[in-house]
Amino acid sequence: MESFTSNGGAGRNFYKADRLFFEMFEDTVARCGDKTAVIWKNESISYQKLDKKSTLVAQCIAGRGLGCEDVIGIKLGRTINAIVAMVGILKADAAFLFLDSVYPKEKLQYMVGDCKCALIITEEFMEDLENMSHAVPEAVRPKDLAVIIYTSGSTGNPKGVMIEQKNLAALINSYNDLEITEDDVLGAFANFCFVACLNDVFTPLAIGATVDIVLSEIRKHIKLLAQYYQEHKITITYLPPHMAEKYMSLDADNTTLKTLIVSSEPARNLQKRQYNIRNVYAASELCNFVSSYLITEKAGSYPIGKIKKTLKYYILDDNHNAVPDGEIGELCLSGPQISRGYLNNPEKTAAQYIENPFTREEPYQTLYKTGDLVQELPDGNLKFVCRKDWMLKIRGYRVESREVELAMQSYHEITGAAVTAYPDDGGTNILCGYFTAEQEIEIEKFKAFLKSRLPNYMVPLKLIRIDNFPRNLNGKIDKHLLPVPEGLHSLPCHNARPKLPVLQGADPN
């Protein structure tokens, strides 16, 4: 059976070795050295100056005897110098870890210790580049470590994803998938700690576009953001869906935006605009995006698109067998964007990164299990169903939390929904639905509406209105932080959660 592999079947290999970032960057500097590479506030830096200063950073790193597999922290905020440091660290064949002050001090300390950071670059370091010992950096190799991205972990501590030079190269070399060109001004919205930053920063710098760093103080103020995009003539940017919805209600006068990328959680009800709206599927372990879907009309949900041709995908059951066509299974991927694994966590790496049972062909030997349940549609697009972790068992039935959430969101005046389950005193899982709304909702009418659209076992026994959904730093809803209803019990991995304000009580029955 070949239908479970992507883009032409198992017998064809679309992959060829990608040019590394520094190689593409060198060509760009030679071609457009005087062009603006990065903008921040009222400052800017040309490609030529960025090249010169980042080379000096690399020489200073090498002068300290650092390079291959060394991790270097960056504590510079969202600034031009931060991007100079990133480029310099990659030129030195070292790996960077961005340290953002929005993280709690304890988390930053954990990350620095876990990575055994050999150096932390601060403003003082950047001001003293000329006076340090300099040396010629080591040669950059495809399998060398390039970036550490920390993601939330089930143990309470974040886990570091190890991204190699070749993973970053594979991401950059697929820029045509998002129609990025050297004429673009990319609004770098994503936090520099997150994997979305890699496409925000390195893809435009590799091809000669301009990176405009969105100011921290306006990233959460939609009106200011819309004004900023218009004034700075931003042509392409990324926003999480819950912010994209708000932004799109204010962007009627924007005539420069060419593409709005939405990612990090399921998108819904996005209005058609004069620019392209792309629903992107991405993950840190995949070095950013691996598929995208062009949104053309308002809908309750959207496919995540077709997987890139340089990757192979498989939709598998729990025994790693391909599911029948059109059935739901776990999305698993192989190819040049698949990261090395989790830093200092061999057990988690072994569980998620397995030997590909379908091919030993380079570079597809490793299969990454995403933990996401998907379904392939007749047109070849993939539909995201829900996280495997959130496939709930209720009274012996399998409940897809995303299906219940979509039904809840289709009720008038509901602005958002999340579904999970908690055990009662007898160990029975109770389905709980959380929602946000702009006004009071009659719970019985809401429940009757859901019963008309869902099987009885899929209707949440408890429907709870909350003020706002708890979100992690990447903007995703964090279901682990939803308030546990009275009479139910937090799951073992959900201890020590804060109690959030509940605006409208749960159905006691």
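Residues numbered from 1 in each chain as written. Predicted model: local features only at pLDDT ≥ 70, side-chain atom pairs only at ≥ 80, totals over all residues. Heavy atoms only, no water.

### A short note on the pairing of strand β25 (residues 462–466)
Within β25, 5 of the 5 residues are buried, which leaves the element mostly enclosed by the surrounding structure. With burial as the criterion, each face of β25 is covered, one bearing Lys-462, Ile-464 and Ile-466 and the other bearing Leu-463 and Arg-465. Both strand β24 (residues 429–437) and β25 contribute to a ladder of 4 bridges, which runs parallel. Paired with Tyr-434 across the two strands is Ile-464, which belongs to β25. Each parallel crossover has a hand, and the one from β24 via helix α12 (residues 443–451) to β25 is right-handed. (Buried < 20%, exposed > 50% of the residue type's maximum accessible area, 1.4 Å probe, protein only. Helix = DSSP H or I, 4+ residues; strand = E, 2+ residues; numbered from the N terminus. Pairing = 2+ DSSP bridges. Right-handed = clockwise from strand over helix to strand, strands pointing away.)

### Here we look at the environment of Ala-85
Along the chain, Ala-85 falls in helix α3 (residues 80–91). Judged by relative accessible area, which is 0%, Ala-85 ranks as buried. The spacing of Ala-85 and Lys-53 is 32 residues in sequence and 8.7 Å in space, taken between C-alpha atoms. Those residues in contact with Ala-85, other than ones at most four positions away along the chain, are Val-57, Ile-74, Leu-76 and Ile-121. (Contact = heavy atoms within 4.5 Å.)

### As for the sheet that holds strand β12 (residues 276–283)
A sheet is described by the order of its strands in space; here 9 strands give the open sequence β2-β1-β9-β8-β10-β11-β12-β13-β14, paired in mixed fashion. The sheet is open, and its two borders are formed by β2 (43–46) and β14 (306–307), each paired with just one other strand. Pairing geometry for strand β1 (residues 36–40) and β2, over 4 bridges, is antiparallel. Bridging across to β2, Val-38 finds its partner in Ile-45. The sheet contacts of helix α2 (residues 47–63) involve β1 and β2, and relative to β2 the element is tilted by about 80°. (Axes fitted to C-alpha atoms, helices over the stretch in contact; angles between N-to-C directions.)

### Section: the nonpolar core
If you look at the biggest cluster of nonpolar residues, it comprises 129 residues, and the most contacted ones within it are Phe-21, Val-38, Ile-121, Leu-198, Phe-202, Leu-205 and Tyr-247. Here the element with the most residues in this core is α3; it accounts for 9 residues. Not counting residues within four places of it along the chain, the set of residues in contact with Tyr-247 comprises Ile-222, Ala-226, Tyr-229, Leu-239, Asn-254, Leu-257, Leu-260 and Tyr-275. (Core = buried A, V, L, I, M, F, W, Y, C linked by side-chain atoms within 4.5 Å.)

### Looking at empty space enclosed by the protein
In this structure the tally under the stated criterion is 3 cavities of 30 Å³ or more. Within this model, the second largest cavity holds a volume of roughly 40 Å³. Lining the second largest cavity are Leu-97, Phe-98, Tyr-103, Met-111, Ile-148, Ile-149, Tyr-150, Phe-192 and Cys-193. Top contributing element to the lining of the second largest cavity by residue count: strand β6 (residues 145–151), with 3 residues. Tallied by class, residues from the lining of the second largest cavity come to 9 nonpolar, no polar and no charged. (1 Å grid on protein atoms, 1.4 Å probe; cavity = no way out; pocket = protein on both sides within 12 Å on 5 of 7 lines; lining within 4 Å. Points joined across faces, edges and corners; volume = space filled by probe spheres on them. Nonpolar A, V, L, I, M, F, W, Y, C, P; charged D, E, K, R; others polar.)

### Observations concerning the packing of aromatic side chains
Each aromatic ring pair is characterised by the separation of its centres together with the angle its planes make. A full pass over the atoms with the stated rule returns 13 aromatic pairs. Among the aromatic residues, those joined into a cluster by ring pairs are Phe-21, Phe-25, Tyr-47, Phe-96 and Phe-202. One Lys or Arg, Lys-308, reaches over the ring of Phe-289 and ends 3.7 Å from the middle of that ring. The ring of Tyr-364 carries Lys-312 above its face, with NZ or CZ at 5.1 Å from the centroid. (Phe/Tyr/Trp six-rings, centres within 6.5 Å; stacked < 30°, edge-to-face > 60°. Lys NZ or Arg CZ within 6 Å of the ring centre and 35° of its normal.)

### With respect to the pattern of salt bridges
One side chain can pair with another of opposite charge once the charged atoms of both are near each other. A full pass over the atoms with the stated rule returns 17 salt bridges. Across the pair Glu-182 and Arg-31 runs a salt bridge whose closest N-O atoms are separated by 3.0 Å. Linking Glu-182 in the loop between α6 (165–172) and β8 (185–188) with Arg-31 in helix α1 (residues 21–32), this pair joins segments that are 151 residues apart in sequence. Where salt bridges share partners, they join Glu-69, Glu-164, Lys-166 and Arg-340 into one cluster. (Salt bridge = Lys/Arg side-chain N within 4 Å of Asp/Glu carboxyl O.)

### Digging into α1
With 12 residues, α1 extends 16 Å from end C-alpha to end C-alpha; this agrees with the ideal 16 Å at 1.5 Å per step. Three or more residues of α1 are buried, namely Phe-21, Met-24, Phe-25, Thr-28, Val-29 and Cys-32. For α1, the buried positions fall inside an angular range of 140° around the axis, keeping them on one side. Residues of α1 that are buried in the fold lie against α2, α3, α6 and α7 (196–207). (Expected span 1.5 Å × (residues − 1). Arc of directions from axis to C-beta.)

### Topic: the pairing of strand β23 (residues 414–423)
Most of β23 sits inside the fold, with 9 of its 10 residues counted as buried. With 9 bridges joining them, β23 and β24 adopt antiparallel strand pairing. Bridging across to β24, Pro-423 finds its partner in Asn-429. If you look at the hairpin formed by β23 and β24, you'll find 5 residues sitting between the two strands, and Gly-427 has a positive phi there, around 90°.

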